[in-house]
Amino acid sequence: VEENSPPRTLLGTLRRHGAAMFTVTSSISEFSVDRKYGDIRVEQSPDREVWDRYEMTVVIVFSSDEDTSSRTPEAVSVVIIVTDVNDNSPQFPRKIIPMTIMESQPLGFRIPLDPAEDPDLGTNSTQTYEIINNDTPFGLLTEGLGFDDQYSCSLELVGALDRETRDHYNVEIVARDGGNPRRSDKMQLIITIADVNDNTPQFNQSIYSPSVSEDTPVGSVVCSVLATDSDKGDNAKITYLLEPRFNREGLFAIDPDSGMITLSGMLDRETTDTHELVVRATDNGEFPKRTTVRVSVTVLDVNDNTPQISPTFLSQEDEVGVVSEASNIGDYVAHVNVEDLDTGANGEVTLTLHASDHTPFQISQVGSGYAIQVSGALDRESRDIWHVWLEARDGGRPSLVAYRNVTVKVVDVNDCTPVFSQALYRCNVSEIAEKGTDIVQVDATDDDLGINAEITYRIVSITTIGQSTNELNDPISFSINSKTGVISTGSQLDREARESVKLTVEAVDSGHPRLSSRCSVIVDIIDYNDNDPRFEQRHYTAVVPEDASINSEVITVRATDADAGGAAPLTYSIKDYYSAARSFFSIEPSTGVIRTAFELDYEEQRSYNLVVEAHDRGGRRGVTSVEVLVKDLNDNSPQFSQATYRASLLHTVLPGTIVTRVSAFDVDSGVNGVVSYSILQGAQMFSIDPKTGFISSTVSLRGLTNVTERLIVQAADGGTPQQSSVCNVLVLIGSLSTIDLKPVFTSQEYSVEVSETLIIGHVITNVFARSPDLDYSGTIKYTLSKLTQSVHDTFHINEVTGQITTLRELDREHEDYYNFVVEATDELGRQGTVAIQVTVTDVNDNRAQFTSTSYHFAVNEDLDEGAVVGQITATDMDYGINGLVQYLVQQDIADSPLQLDPSTGEIMLAQHLDFEARTKYRFRVRAFNKVTPNFYQETDVTVSVLDVNDNPPVFVHPNFHFTLLDSSLEGVGVGVAMATDADSGRNGEVYYTLQPGENSHLFDIDLRTGEIKTLVVFANRADVQDQYNLKVLARDRGSPSLNATADVTIEVLSTGEVVDILQQVLSNEAISRKAKYLIIFFATAFLLSTVVLVCFIKYHRDRKMKYKNLTQIDRTGPPPPLKVPTSLLSSLGNPELALSSDTLLSRSAKNSYKFVECGSYCPSIPERQTSQDIISTSFFSDSKTRMLSKESLPPPPPPPPAHLAHGFSSRDCLNNHHSKECLNHHSRECLNLPATTAGLGNSRTLIPDNNNIMSDHHHHPVTSRSDLASSYELSPACSNKQCHDNRCHSNESGVASGLGSTPPNSEVNFLKKDHELRKESWMSSEDSLFKINKNNAGSSVNSLQKAGLADKRQVRFQKLNDSYV
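All values derive from a computational prediction rather than experimental measurement.

Chemist: It is not clear to me how the overall build of the protein should be interpreted in this structure. Could you clarify?
Modeler: Regarding its fold elements, the protein presents 10 helices and 93 strands. Within the protein, counting contacts between residues at least 6 apart in sequence, those at least 24 apart form 68% of the total. Of the roughly 72700 Å² that the protein leaves accessible, carbon and sulfur atoms contribute 49%.

Chemist: Would you mind going over the side chain of Thr504 with me for this structure?
Modeler: Along the chain, the position of Thr504 falls in strand β40 (residues 500-509). What makes Thr504 buried here is its relative accessible area of 14%. In this view, Thr504 contacts Arg458, Ile459, Val460, Ser461, Arg518 and Cys519; residues no more than four positions away in its chain are not counted.

Chemist: Sorry, what's going on with the pattern of salt bridges here?
Modeler: Under the counting rule described, the total for this entry stands at 37 salt bridges. Measuring nitrogen to oxygen at the nearest pair gives 2.8 Å for the salt bridge that ties Arg8 to Glu43. One end of the pair, Arg8, is in the segment before β1 (10-13); the other, Glu43, is in the loop between β4 (39-42) and β5 (53-62), with 35 residues separating them in the sequence. Taking the relative accessible area as the measure of exposure, Arg8 reaches 48% and is therefore partly exposed. We classify Glu43 as partly exposed; its relative accessible area is 28%. For Arg812, the salt bridge identified is with Glu813, shortest N-O distance 3.3 Å.

Chemist: Got a minute to help me understand the environment of Gln639 in this structure?
Modeler: Following the sequence through the fold, Gln639 ends up in strand β51 (residues 639-640). On a C-alpha basis, the gap between Gln639 and Val675 in space is 9.7 Å, while along the polypeptide they are 36 residues apart. Setting aside residues no more than four positions away along its own chain, Gln639 makes contact with Ser663, Ala664, Phe665 and Ser725. Only 3.3 Å separates the side chain of Gln639 from the backbone oxygen of Ser637, close enough to count as a polar contact.

Chemist: I tried to follow the sheet that holds strand β58 (residues 707-716) on my own but got confused; where do I start?
Modeler: Taking strand neighbours across the sheet as the criterion, the 4 strands line up as β52-β59-β58-β55 in an open arrangement whose pairing is mixed. Only two strands of the sheet have a single neighbouring strand rather than two, namely β52 (644-650) and β55 (676-681). Taking the axes of each pair of neighbouring strands and ignoring which way they run, one obtains an average angle of 30° across the sheet. Of the strand pairs in this sheet, β58 and strand β59 (residues 724-734) are connected by 10 bridges, and their pairing is antiparallel. The partner of Ala716 across the bridge, within β59, is Ser724.

Chemist: Honestly, the packing of aromatic side chains in this entry has me stumped. Any pointers?
Modeler: Here a ring pair, both rings aromatic, is described through the centre-centre distance and the interplanar angle of the planes. A full pass over the atoms with the stated rule returns 26 aromatic pairs. Geometrically, the ring pair formed by Phe535 and Tyr572 is tilted, given 6.1 Å between the ring centres and 55° between the ring planes. Within this pair, whereas Phe535 is found in strand β42 (residues 534-535), its partner Tyr572 is found in strand β46 (residues 571-574), the two being separated by 37 residues in sequence. When its relative accessible area of 9% is taken as the criterion, Phe535 is described as buried. For Tyr572, a relative accessible area of 7% puts it in the buried group. A ring pair is formed by Phe640 and Tyr677, whose centres lie 6.3 Å apart and whose planes are at 50°; its orientation type is tilted. Residue Phe640 is located in strand β51, and its partner Tyr677 is located in strand β55; the two are separated by 37 residues in the primary sequence. Given a relative accessible area of 8%, Tyr677 falls into the buried group. Through successive ring pairs, a cluster of aromatic residues spans Phe584, Phe585, Phe598 and Tyr608. Looking at Arg383, its charged tip hangs above the ring of Trp386, at a distance of 3.8 Å from the centre. Over the face of the ring belonging to Tyr936 we find Arg926, whose NZ or CZ atom lies 3.5 Å from the ring centre.

Chemist: Looking at this structure, I do not really get the pairing of strand β39 (residues 486-489). What am I missing?
Modeler: Working note: regular strand, side chains alternate between the two faces of the sheet. Along β39, one buried face is formed by Val486 and Ser488 and the opposite face, lined by Ile487 and Thr489, is buried too. Both strand β35 (residues 438-441) and β39 contribute to a ladder of 3 bridges, which runs antiparallel. Within the sheet, the bridge partner assigned to Asp438 lies in β39 and is Ser488. Taking the residues between adjacent antiparallel strands as the criterion, strand β38 (residues 478-480) and β39 are bridged by 5 residues, where Gly485 takes a positive phi near 80°.

Chemist: Can you walk me through the sheet that holds strand β50 (residues 621-631) in this structure?
Modeler: With mixed pairing, 4 strands are arranged side by side in an open sheet as β43-β50-β49-β46. Edge positions in the sheet fall to β43 (539-545) and β46, since each has one partner strand and no second. Between one strand axis and the next, the sheet turns by 30° as a mean value, whatever way the strands run. In this sheet, β50 lies alongside strand β49 (residues 607-615) in antiparallel orientation, the contact comprising 9 bridges. Looking at the pairing, Leu610 lines up with Val626 of β50.

Chemist: I would appreciate a short explanation of the pairing of strand β73 (residues 885-889) in the present structure.
Modeler: The buried count for β73 comes to 4 of 5 residues, which makes it a mostly enclosed element. The pairing of β73 with strand β76 (residues 920-929) spans 5 bridges and is classified as antiparallel. Residue pairing for β76: Val889 is matched across the bridge by Val925.

Chemist: Would you explain the confidence of the model for the protein in this entry?
Modeler: Any region with low pLDDT has predicted coordinates that should not be read closely. Per-residue confidence for the protein gives a mean pLDDT of 77; residues scoring 70 or more make up 76%. With pLDDT under 50 throughout, residues 1105-1322 is counted as low confidence; its partners more than four residues away or in other chains account for 388 contacts. With pLDDT under 50 throughout, residues 1359-1365 is counted as low confidence; its partners more than four residues away or in other chains account for 18 contacts.

Thresholds, definitions, all that
- Residues numbered from 1 in each chain as written.
- Predicted model: local features only at pLDDT ≥ 70, side-chain atom pairs only at ≥ 80, totals over all residues.
- Heavy atoms only, no water.
- Helix = DSSP H or I, 4+ residues; strand = E, 2+ residues; numbered from the N terminus.
- Contact = heavy atoms within 4.5 Å.
- Areas by Shrake-Rupley, 256 points an atom, 1.4 Å probe, with all protein chains shown as cover.
- Buried < 20%, exposed > 50% of the residue type's maximum accessible area, 1.4 Å probe, protein only.
- Salt bridge = Lys/Arg side-chain N within 4 Å of Asp/Glu carboxyl O.
- Polar contact = N/O pair within 3.5 Å; in protein donor to acceptor, adjacent residues only side chain to side chain.
- Pairing = 2+ DSSP bridges.
- Axes fitted to C-alpha atoms, helices over the stretch in contact; angles between N-to-C directions.
- Phe/Tyr/Trp six-rings, centres within 6.5 Å; stacked < 30°, edge-to-face > 60°.
- Lys NZ or Arg CZ within 6 Å of the ring centre and 35° of its normal.
- pLDDT = per-residue confidence, 0-100.

Written out as structure tokens, the structure reads:
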């Protein structure tokens, strides 16, 4: 039943047959059952929402009819279901709901809503929700559990919220059910949007641009800024701040609340005319937002700056303007920039020039500035300095004024051209001159001053004279010192390339514009034999027919020699490298024509290799190879193996039967040796194969019996003209009874190839022969015939079977071919033969063999890449591929510059060699063949690198700095400029020279050590400079020689400067007191000795002038000799003395001598004073070179004065034949002095500073006791007696007149180099020169050697005159 059915609505009827009454046992007020009829009706309208199911029990009582009387009452259960009707509307729990949502909620944000309740079921319940008139960013999301369930909903954010745009929303939601008619209910949402700090403060201006005067006081208001924020509350409260980095100077401040900007410091427009400030506005939200605005404060000008005058000269020196005296009127001198830091009228400046009427300058405005210009003629000679005053005034009120003095210097102009001392210079230089050799010096002068007169030289062009190629412009051939004008070679010269060269040299001054002039320098290059003859071809090939007659021309080889312009005469010869080849040919020495010297035969030798040499008159040589190929001629006829061949043939044989074979051989080659056969006679019945020589029958021979046919067979070669020969072939035609039925082999010949590895007894082939005699039934016996010893020892044949076997092992390398004949003999004695040819094939059974157990090659380090260093050779006796030799390096040479060709064995250079890096390469090479690589032999290979002069000397320092006292004497060492050379031998020997220069004459350098010494006395010189600059050239002895230069600076120090340095050293606290005392002592001693020595030299120079006229000297003859006793030489101990006019040099440091002129005023020697106490020196009165010599002793002189006789110890008695011990024992008897007479006073006494005295015997008496005796000679009392202790020996004959007769330690003649002796370039500064008697030169040299003064390997003679060598 539907709910709400009206009362009495019939629901149904209970029916039962015989039913009399229906009774409800449990009554329900909403329904009833008719007791009589059983109708079920609605009594009260049911409400499903209250009760949706009813149950009741109805008892049916049956009537008493006879059909039902027996039935008992029956209970019936009645169930009533109340169906739903849409009688309820949806109901929201709350009709109005206020809520708050943050404006920052994201899209999709949901808020669950209370659902509208509807007690109905199914579609009658709440089915949909809807927003009425929705213009909000909200939507509804409906959710349910099924068809009969009610739906719920959520409010969903579908649009962005912005509180600042709309801060609240009223949303009306309606809920509807699904009934009919549909019922609904409404609910209102009052939504408030909560604020979020999502807005940045905004200034009311994008930029603020206030202006303020630069003299505005501190604290004044500049401007105010204002910012607003659309947020609410704290999010909208703003705080102001000046960005610190834009207000570093702190000139401005801002109120954080109001935004008012004020001055906190003084302004200066000239420093900064605009201040760019940045103001930051920040809200007070939880997460603050900020914004900035630029405040540009313009500072207004006040006239508080004086004008500034800044002249800029077009040219200046030390802030002084420079103008040329050649300047024209109107030329600019300087640009004047006037600047006033103020603006407007305050910065407008007027510039004026204050000068007298004759000032040659004016000022004019040019653009925004001013210019000082020339207004009159300038004359540097009249006035070179001008002072000009400038005044600058601005337009402010009051006006400010500035002044500036400008100085202008008038300078010289370059109006003079350099002038050479010669228009043409001519010089010559050898083509072997080393690089850097000075040739000539050009000189030019310039009358200008300063830089205008500074001249530099350069080579403009280089022209080759006398050749077609001009203006070669070869800048490396010559170079010129740009400062000195010295022209030197820039590279190795080659006269063969050019004989004379014309250099155009230009001298350019340093003025502007630069003026120049030119001169010509002709350099003639002197030829030197420095080129080997060179053949036109490295290899010649000639072909000569073998029938060439003797003296036939084969080929002409030509060589040229670049020396003497290629016209140098050359001589040709065939070297005896190949004696066999040389005997067949000759060469004309002057023309190079090679001719035959012997008859040639191609068949004996097909080619000849010659080595032809060409040499010039200077001994330089060049070689080439000539291969002479002998051309084969057809000069040999084919030769038959037999003159007559015999054969037998049955007349019954068929045509085509082979009768026999002929064979011929031609020793010629090619077509000349190809043989063809033909039948000249008898061709009617027979034919011959032209290639093989087989003769066959061509017709039937029946009917011919006992007939002999004679054939003439020709063998012809293929040459031109054709050569031929003939043979006879006799063919016997008959029956069995008439012909020779010899055994016939199954093959005409046997050719067999066998390996050389066959074992003994191996069958190489099997021959078989049969008898043409059909009636013969006997055996045939096989034998070998025509055997050589080799075949006999190698092969064996079985007599019965015909098997040929080996008797020994074969060796192809020993014999590769065998040719023999096998005979077949029947029992009737008839024989048949066949040829056997055995060829032995190769097996790889031999290893490669080197031609040498080791190889050594030597190459220069400058060998080109790819060049062949050498070749190692190995041979393999095997044949073909078995004999191909390969080479392999066993040791790794990957890091070396060498490379081995694996096929040829050539060692090639893959990279450049460097002797200084490595001098030798050693490795091991294996030789093998490809077939069996493990079958090999090895050898050692050594490659030595020879040094080439490829390293120039290198100074240890590029610049040397030495010091020198201004009181230094001649010969004082200054310092050593040392250089090293990485090369070896002569290439690494370094020699030193000083380059010509301004100061080179004041110093000398040791040729070998590089020690620099003074050449002059610097003491008391008025022209001593503070500094001397030298250039040292270090040159090695290689060819060509390499060199290097270094600059040497010598600083001259005075004594005062040395004292200052010592004071600085002594003031150093790091030096101990003891060390300071030592420094003071040595410094004082050095200074005092220097002063004494200088005074001594000056004193004796004055005395020389004073007594010059008192001395009478014979200058026409040779200088008098000085006699040197032997004992002196012995005591000096190998001094290597050299004596000059003022110095006696000695290698021994303690033996030094000095000669000073004294004339007749010579000092005396005090009594009882030994020679070791004598420090003074002997004196000479002339400046001639003095020579020490040997002479005969004069007669004994009378006794000396007492004061002299007793003034010397026994050690002063020197003798060349007696020891010191003997002299000590007989001192009184040994010492005798010559008598003295008046007259001359030029005695010469040599007193060394050791324990000996050398005396000069001049044969002149002495005038006073102050004159020292001139000689000491051996007394006869001592010279002729024997000492009791055998320490003296008798000398009856005295001293001989020549060096050759003196004992080994006798005196030697010396002479130091002067104008007579000239040192050669090969000599060093330490070498000594000696004069010796030429008549006894050999013994004199021996004496020098035995005295330790000379080495035989270092002696060289030089002729001086007729008396000495």
